[in-house]
Amino acid sequence: MKIVSLILARGGSKGVPGKNIIDVNGNELISYTIKTSQNSNIDETWVSTDDKDIKDVSLKYKANVIDRPSEFSQDNSPSEQALLHFAISYEFDLLVFIQPTSPFITPDDLNSGIEMVTSGQYDSVFSAYREHWVPRWTLNAEPKWDIYHRPMRQHVEETFVENGAFYVISRENLLRYQLRYGGKIGVHEMSVQNSLQIDTHDDLELIRSAMK
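Keep in mind that this is a model prediction, so the values were computed, not measured.

A word on the packing of aromatic side chains. For any two aromatic rings, the description comes down to two numbers: the centre-to-centre distance and the angle of the planes. Counted according to the given criterion, the structure contains 9 aromatic pairs. The interplanar angle of 45° and the centroid separation of 4.4 Å between the aromatic rings of Trp-46 and Tyr-90 together place this pair among those described as tilted. In this pair, Trp-46 sits in strand β4 (residues 44–49) while Tyr-90 sits in the loop between α3 (79–89) and β6 (94–98), placing the two residues 44 residues apart along the sequence. Judged by relative accessible area, Trp-46 falls into the buried class, the value being 10%. Three or more aromatic residues link up through ring pairs in this structure, and these residues are Trp-46, Phe-86, Tyr-90 and Phe-92. Cation over ring: Arg-171 sits above Phe-92, and NZ or CZ is 5.9 Å from the ring centre. Here the basic side chain of Arg-180 rests over the ring of Tyr-167, its NZ or CZ set 5.0 Å away from the ring centre.

Here the focus is the pairing of strand β8 (residues 159–170). Looking along a regular strand, one sees the side chains alternate between the two faces of the sheet. Of the strand pairs in this sheet, β6 and β8 are connected by 5 bridges, and their pairing is antiparallel. Residue pairing for β8: Ile-98 is matched across the bridge by Phe-166. Sheet topology note: the strand β7 (residues 124–131)/β8 ladder contains 7 bridges and is antiparallel. Residue Val-125 lies in a different strand from β8, and its bridge partner there is Val-168.

Turning to the layout of surface pockets, a few remarks are in order. One way to see where empty space is left: roll a probe the size of a water molecule over the atoms. For the largest pocket, the calculated volume is near 430 Å³. Tallied by class, the residues present in the lining of the largest pocket amount to 5 nonpolar, 11 polar and 5 charged. Approximately 150 Å³ is the volume found for the second largest pocket. Lining the second largest pocket, in full, are Tyr-129, Val-161, Glu-162, Asn-163, Val-192, Ser-195, Leu-196, Gln-197, Asp-203, Leu-206 and Ile-207. Mapped by element, the contributors of at least two residues to the lining of the second largest pocket are β8 and α6 (201–210).

On to the environment of Ser-89. Summarising the element assignment, Ser-89 is placed in helix α3. Owing to a relative accessible area of 39%, Ser-89 belongs among the partly exposed residues under this scheme. Along the backbone, Ser-89 and Ile-66 are 23 residues apart, and their C-alpha atoms lie at a distance of 9.1 Å. A distance of 2.7 Å separates a polar side-chain atom of Ser-89 from the backbone oxygen of His-85.

What counts, and at which threshold
- Residues numbered from 1 in each chain as written.
- Predicted model: local features only at pLDDT ≥ 70, side-chain atom pairs only at ≥ 80, totals over all residues.
- Heavy atoms only, no water.
- Phe/Tyr/Trp six-rings, centres within 6.5 Å; stacked < 30°, edge-to-face > 60°.
- Helix = DSSP H or I, 4+ residues; strand = E, 2+ residues; numbered from the N terminus.
- Buried < 20%, exposed > 50% of the residue type's maximum accessible area, 1.4 Å probe, protein only.
- Lys NZ or Arg CZ within 6 Å of the ring centre and 35° of its normal.
- Pairing = 2+ DSSP bridges.
- 1 Å grid on protein atoms, 1.4 Å probe; cavity = no way out; pocket = protein on both sides within 12 Å on 5 of 7 lines; lining within 4 Å.
- Points joined across faces, edges and corners; volume = space filled by probe spheres on them.
- Nonpolar A, V, L, I, M, F, W, Y, C, P; charged D, E, K, R; others polar.
- Polar contact = N/O pair within 3.5 Å; in protein donor to acceptor, adjacent residues only side chain to side chain.

Geometric descriptors of this kind do not, in isolation, establish any biological role.
Structure below.
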């Protein structure tokens, strides 16, 4: 079985410009997920990008690179477009889709997700963390729950929050469902701390502090 990873790294980040290769405690952000992939049971590590600087950094860390067409690299381009572009371009059996903005993923995380699929237990897997009930409000200060019947936290069922760190799916099922997951879906649970990802400058500073 040929297992490959694909790290999607566009060059047009708006929240944190250049975030995929921004310095995080002495290393480019994308280097953390590249190295994690290379130290796992994954056979080949790939980066899909439209950006020359990201390509150069990825090659420096011995990752393979597929050039992403500009039409799949827009702000509103679904990740599935780049995943399917890769799946049509290369032969493999199992895909591990990794987000470069999640530097705390470990090789054990990836290996666990891979095992959940290769064992036949699940058709696809995503990473998540467990969340207790919390009182959520809209930005207009409107409650998203009944304020007259505030539940006790321990009386509300816990939920999984998809952390976006990684997904595992076979090439066959990716092409069949046209999505990053499909069929019988499993969850690889990660800690809240290891689920941290960089979307804003505040996230960046938090992760820099957590790595010290």
